[in-house]
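For reference, the chains in residue letters:
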Amino acid sequence: MKQYRVIGKSVPRKESWDKVSGRVKYIDDFQEVGTLHVKLLTSLYAHASIGKVDTDEAWKVPGVRMIVTGEDYPLLIGTTIKDRPLLAFDKVRYYGEPIAMVIADSEAIAIQAVSSIRVTYKVLPVVNSPVQAYQNDAPLVHEQVEQYQIDQDADGEGASGGIHPVPGTNIANRQGIRKGNIDRGFAQSDFIVEEIFSFNQSDHTAIETRCADVEIKKTGEVIIHSASQEPFEMKELISETFNIDEGKVQVHIPLVGGSFGAKTSVQLEPLAYVASKAVGGRRVRLRNSREEDIATSPVHIGLHAKVKMGCTKDGKLQAIKLHFLFDGGAYAERAIPVSKAAAYDCTGPYAIKNVWCDSLCMYTNHPYATDFRGFGRTEAAFGVERTIDIMANKLGMCPLEFRLKNAIQPGDTSPTQVLLNKSNLGDIRECLLQLKDLIDWDRGQRIDISDRIVRTKGISCAWKNGDPPPGVGAGAILTFNSDGSVNINSAAVEIGQGTKTVLTQMVAEKMKLSEDEVFIQMEVNTQMSPDNWETAASRTTFMSGNAVLRAVEDAIRQLKRTAAIILKVPVDELEVANKKVYKKTSPNISIDFSEIVYGFIFPDGKVAGTQVVGRGTYMIPGITDMDPVTGKGVQGPEWGVIAQAVEVEFDKRDNTFKLIRAVSVADAGTVLNYKGAETQVMGAMNMGLSFATREGFLYDDEGRVLTTQFRSYKVMHYGEQPEYIVRFIENPVKGAPFGSRGLGEHGIMGMPAAVANSLSLAANVSLQQLPLTPEFIWKTRLKAGEVY
Amino acid sequence: MLPFNFEYYRPSSINEAVELFEKLDQDGKKPIYLSGGTEITTLGRLNQIFTKAVIDVKGIPECNALDFKQNSVVVGAAHTLTQVWESKILPLLGEACVKIGDRTSRNQITLGGNLASQIIYREAVLPLLLSNSTFVVAGIDGIHQISVHKIFKEKLLLKRGEFLVQIKVNGKYRNKPFFIEKKRKSERVDYPLITIETLKIDRSIRLAISGLCAFPFRSYEMEKELNKTGISLEERIDKAVLRIPAPVISDIRGTSEYRIFVLRNTLLDALIDLEGVR
Amino acid sequence: MNDELTLDINGEQRVATVRMADTLLDVLREKLDLTGAKRGCENGDCGSCTVLADGLPVKSCMMLAVDAIGKKLTTIEGLHDDPMQHAFIEKWAFQCGYCTSGFILNARALVNQYPDATDEIMEEWLSSNICRCTSYQEIREAVKSVLKEQRFNVGRPRSRNKR
Ligand SMILES: Cc1cc2nc3c(=O)[nH]c(=O)nc-3n(C[C@H](O)[C@H](O)[C@H](O)COP(=O)(O)OP(=O)(O)OC[C@H]3O[C@@H](n4cnc5c(N)ncnc54)[C@H](O)[C@@H]3O)c2cc1C
Ligand code: FES
Ligand code: FES
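Residues numbered from 1 in each chain as written. Chains lettered and ligands numbered in written order. Predicted model: local features only at pLDDT ≥ 70, side-chain atom pairs only at ≥ 80, totals over all residues. Heavy atoms only, no water.

## Brief notes about the sheet that holds strand S4 (residues 66-69) of chain B
Hydrogen bonds along the backbone pair up the strands of a sheet, which may run parallel or antiparallel. Residue and element names in this part refer to chain B. Formally: One bridge is not enough; two strands pair if DSSP finds at least two bridges between them. Runs of H or I in DSSP of at least four residues are treated as helices and runs of E of at least two as strands, each being numbered from the N terminus. Only C-alpha atoms enter the line fits that serve as axes; for helices the fit covers just the stretch in contact. Angles between N-to-C directions range over 0 to 180 degrees.
Strand order in the open sheet formed by five strands is S4-S5-S10-S6-S7, with antiparallel pairing between adjacent strands. Each end of this open sheet is capped by a strand with a single partner; those strands are S4 and strand S7 (142-147). Between one strand and the next, the sheet's axes are offset by a mean angle of 20°, whatever the strand orientation. In this sheet, strand S10 (residues 163-170) lies alongside strand S5 (residues 72-76) in antiparallel orientation, the contact comprising five bridges.

Right under this line is the structure:
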């Protein structure tokens, strides 16, 4: 394995001190005097036609500057199907949907005015689950999908391959996978299991709620400040929706207080644009309360999955048939790409010749969904990996052996029919073997501690390719300071994942500098930075990293060219290190960067070189469109893999449990920043356990979300986490920066299944629904006659 | 951010407080007493509480009393839950307080605020019901000492303009064996599924519960069944469960069946603990 | 009704014109430009607004600003080179950083009050805050490392941030 100087080292985040001293500024921390505040009036019903919106009382509140209702702006937007009104006009389709907004001198005034707007509703029957949505006689969330515009070349993650709503139904899209011959696959199987799995929608709950500021200048320039992962998409969307020259839209993104996919959707910015426009272009701020961030803004998708699996008696998987009904909520938005991506990698990292999957994105009267860490894989893996355990159990095989036996290898093909090799596929076998040791698998999967208490271990595997649509890329610019240190300008957004720091490490490595001599701009400004595809899909490091590396090459080329003239040494005999260009064979023939980065002037006035500006751009090669029926195509550059285990301690009387240990072994390709990678994976594991054991919306019979505060929507607190252990193996990817694989999402993907597998063993029943609350376990055992 | 504004008063005596209330009420300001302020800020933000004037009781010396004199424990209503717990003046009460909310919130939530809360749990009342405490209440017509059983029926029954000054508990309860358990849905910081507190006096057990029904209560009927002799623990619990005084709630934290399941197990633990059997 | 009030923050007397209904969090952020305390829920649930009042952590979103008069307040801006800040960096106890001010202040108060804090006490205190990015294990290591360092330093003068 290659040895690096800076790559792999646990270089602390560049913005560390700002973050521990309260100096870092997130969007809500910038206060511009004179900013007006916007508050949304949101729907009290999940499905209702809107009668009158009476704003008379609201207008009487002193300090109200403007009130905008859906009628004023009957505009439909969306990044896939343009089905979503900016503000609801004819009808509302989910509880919490924006209907009107008040723009006022202060937030307090705006809230007061909003609460005095009266709306008359006529309540309509609700579609309260994806299964209900799929019934023939279900009410329709959208009566006339066929009339909507569709953005067929949407360039969000997972959007490629077209969008195909089915008129007269609640199906927003259907993505198929057809590989091999599914009937033959089952015919060759000795054992077949078929099971159903489900979970409700849930929420990302980044601690920073979404917030956007917009102002429109006299010149027509639109200045947006936002907590978003997608500055460039936002620029395009605003320009296109409101018919503004794209050059006039400027998006600024400061550091973002967590996202997990939440901040990929563009929702508040167009609203704030309209609000600003309504008050003559003044700067306005629209900030979500926690309640709005959970119910009004896009959420984590829900799923109802049917999994059928066939296997020979010696444990070789023959066929898998999957039917996914995703709860995409009221609007298509990015729920469609998520449901498509779930199909692409639907099997998990197993070699299965016959694969059939229909992944349907269903419209329901629930909040609409967007990206969530894992992007469809976390969701699909829950059902598939539970079924693997059920199958292993049926065969009487050890679930780890069973996974090893079916682990996907170079030479196999993906469900999307891509031929796999050592580079585009991580080594899941090796991950499993290391996992086995780390979790003491051989000491037994189930150990009785006492009459009441039992300890069990459950495992799961997962894999993920990124799903950038064809043609996306990134750019980077390097400039130098007069002391020879380097500045990076890259539009990758820092959402806490540490990308910015990793980019500085890459530059330091390549230019043989200390990491302290490389600086990076933390904020993103679309007018100043080269275009960067969204900060998503675990592809930021891949794309931005490649762009930065090319910028480094470009800069080095320029430096050497200048140095060659001054030192009178041919370019190819020169090398750079420690802010110097020197002759390889006699290093004392050298010149400092500081003397040449702005060009060099000889005593006679002649110049050598000019200011050094490194330029690098990158576009991922080889990505193709995905076939909507068969799913054939290349969805991304490589599959990262992970094997995970969870150990729990279960109380058979109370049906409560403690999380004891959670282990992950991931193929990192190359670890770029050890602590950074480890803590990313650990954080994702924790989020996965939180999701699997306590999260999930509860709706009332009318489809209203009941869990809109941390008081009711419970996430993991300090002290409930198990001990986390993370290890990496390193099988480099060709074409990736230093061979690294995507990592930011992988830690979450197998956790729900691993903990469900562990608890199913402990409780002696098959748990097929999330969250795994003690009450749910108790009820399942009650039904199975395990308890009375 | 509270959408409305109010006037703020911090009287330094009981008299001043009640008189202020009278006056502000006459002025149509819908005054309310304020203690920790955590409920007013969080519910006010959502327009679920409204007032034009708040009267902070924390400056009133009696509300900050904390002593054990003449065999009587006195705890001022303005003490935070953390202070009540840390004082160790009445473990029966302290242990109930320390199960409410989270540690930082307990540095702000006060005993009086919890007892007068709109939220249905009011867990701090459980030990006060068990110990037949006395509530000291001030109103325009003076200061009254009222038995908990008279003034706390499902909730704190104060007349308009009255506020809770302190609670008094007979010193004998400082070292009687008790058992308290708060069971939550899954999180360590949450409202209760159920919280039960039991106290053993001589040979009989007293029982108070929060979270099971729409209000906290002490049940003599349930106690009677639990105190029967000559039958098994499980039978006593079965009988007690039949005597739950009001419908068992079903909500986002748990269904009524599950609450009863949890109640049975917790009662069993309580009996085993207090009776030292098994 | 707007009033002027004086608060003792980070050792300075700060004057602000406020509404009586303003929370301490509103005033810190909007009137005094101390934006280190964050709004994560404004409902007392997440702890990202935590500050210290007389050395004890409080959630500033559910404390009225007037109620803070006469208390010695410490916000994250009042910590300088504190061992807890160092420990959070060293142990990677944050990612996005949004919960960090609250966690650091809570932890700072904890180690001051309980130099011998057990795991249990740590859990009791630190479960008042939510972090969505880390696994909490990093935070636990950070706080433990300060406890350990502090124990090692007994006898020597205590940290300069001792209240
Ligand atoms: C994060 C959090 C978690 C919580 N968890 C729990 C829990 O697990 N269990 C539980 O039982 N409760 C819980 N609560 C509720 C909490 O106990 C109540 O909100 C309590 O009312 C807050 O007390 P306070 O002193 O801050 O009240 P305040 O906001 O000051 O007042 C609350 C109410 O009581 C009245 N009041 C206050 N003092 C007096 C007095 N002396 N005399 C008469 N009336 C008075 C006020 O007028 C007001 O109506 C939680 C609250 C929060 C914020
Ligand atoms: S903002 Fe105060 S606790 Fe969340
Ligand atoms: S670091 Fe992001 S919430 Fe804690």
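From this point, the discussion proceeds with the structure in view.
## Structural notes on the interface of chain B and chain C
The cut-off we apply is this: The contact rule is simple, with two residues in contact once any of their heavy atoms fall within 4.5 Å. Buried area: the accessible surface (1.4 Å probe) lost by two parts on joining, summed over both. The rule for a salt bridge is simple: a side-chain nitrogen of Lys or Arg has to be within 4 Å of a carboxyl oxygen of Asp or Glu. Throughout this description, a polar contact denotes any pair of N or O atoms lying within 3.5 Å of each other; where both atoms belong to protein, one of them has to be capable of donating a hydrogen while the other can accept it, and for residues adjacent in sequence the pair is counted only when both atoms sit in side chains. The classification used treats Ala, Val, Leu, Ile, Met, Phe, Trp, Tyr, Cys and Pro as nonpolar, Asp, Glu, Lys and Arg as charged, and all other residues, Gly among them, as polar.
On the chain C side, the residues contacting the 31 residues of chain B number 31 residues. In total, chain B and chain C occlude about 2,600 Å² of area from one another, counting both sides; carbon and sulfur atoms represent 50% of this. The interface formed by chain B and chain C holds six salt bridges in total. In this structure, Lys59(C) and Asp102(B) form a salt bridge, with 2.7 Å as the shortest nitrogen-oxygen distance. Between the two partners, chain B and chain C, sit 17 residue pairs in polar contact (both at pLDDT 80 or more). Breaking the side of chain B that touches chain C down by element, the ones donating at least two residues are strand S1 (7-9), helix H2 (38-45), helix H3 (81-87) and helix H5 (103-106) of chain B. By residue class, the composition of the side of chain B that touches chain C is ten nonpolar, eleven polar and ten charged.

## Some details on unusual backbone geometry
The omega torsion across Leu770(A) and Pro771(A) is -5°, close enough to zero to call that bond cis. Within the secondary structure, Pro771(A) is located in the loop between strand S35 (769-770) and helix H19 (774-783). The phi torsion at Asp81(C) lies on the positive side, around 55°, for a residue other than glycine. Take Asp81(C): it is sitting in the loop between strand S5 (72-74) and helix H2 (83-90).

## Description of the pairing of strand S26 (residues 574-577) of chain A
All names here are of chain A. As paired strands, S26 and strand S27 (residues 580-583) are joined by four bridges and run antiparallel to one another. From the neighbouring strand, Glu575 faces S27, where its bridge partner is Tyr582. Joining the antiparallel neighbours S26 and S27 is a turn of two residues, in which Asn578 adopts a positive phi near 45°.

## Concerning the sheet that holds strand S11 (residues 178-183) of chain B
Residues and elements named next belong to chain B. One open sheet holds the four strands; their spatial order is S11-S12-S13-S14, and the pairing between them is antiparallel. Each edge of the sheet is formed by a strand with only one pairing partner; in this case those strands are S11 and strand S14 (217-218). Pairing of S11 with strand S12 (residues 194-201) involves six bridges; the strand directions are antiparallel. Looking at the pairing, Lys183 lines up with Ile194 of S12.

## Re the site of ligand 1
Quick reminder of the rule: Any residue with a heavy atom lying within 4 Å of a molecule or strand is counted as near it. With residues, only the protein chains shown are counted as cover, and all accessible areas are computed by Shrake-Rupley using a 1.4 Å probe.
Looking at ligand 1, there are 33 residues lining it, with Tyr33(B), Thr38(B), Thr110(B), Gly113(B) and Glu123(B) nearest. One finds residues of chains A, B and C in close proximity to ligand 1. Between an oxygen atom of ligand 1 and a side-chain N or O atom of Thr38(B), the distance comes to 2.6 Å. With respect to ligand 1, the backbone of Glu39(B) contributes an N or O atom lying 2.8 Å from an oxygen atom. For ligand 1, the protein covers 95% of the area, taking 960 Å² as the surface of the free molecule. Elements with a minimum of two residues in the shell around ligand 1: strand S2 (32-34), H2, helix H6 (111-115) and S10 of chain B.

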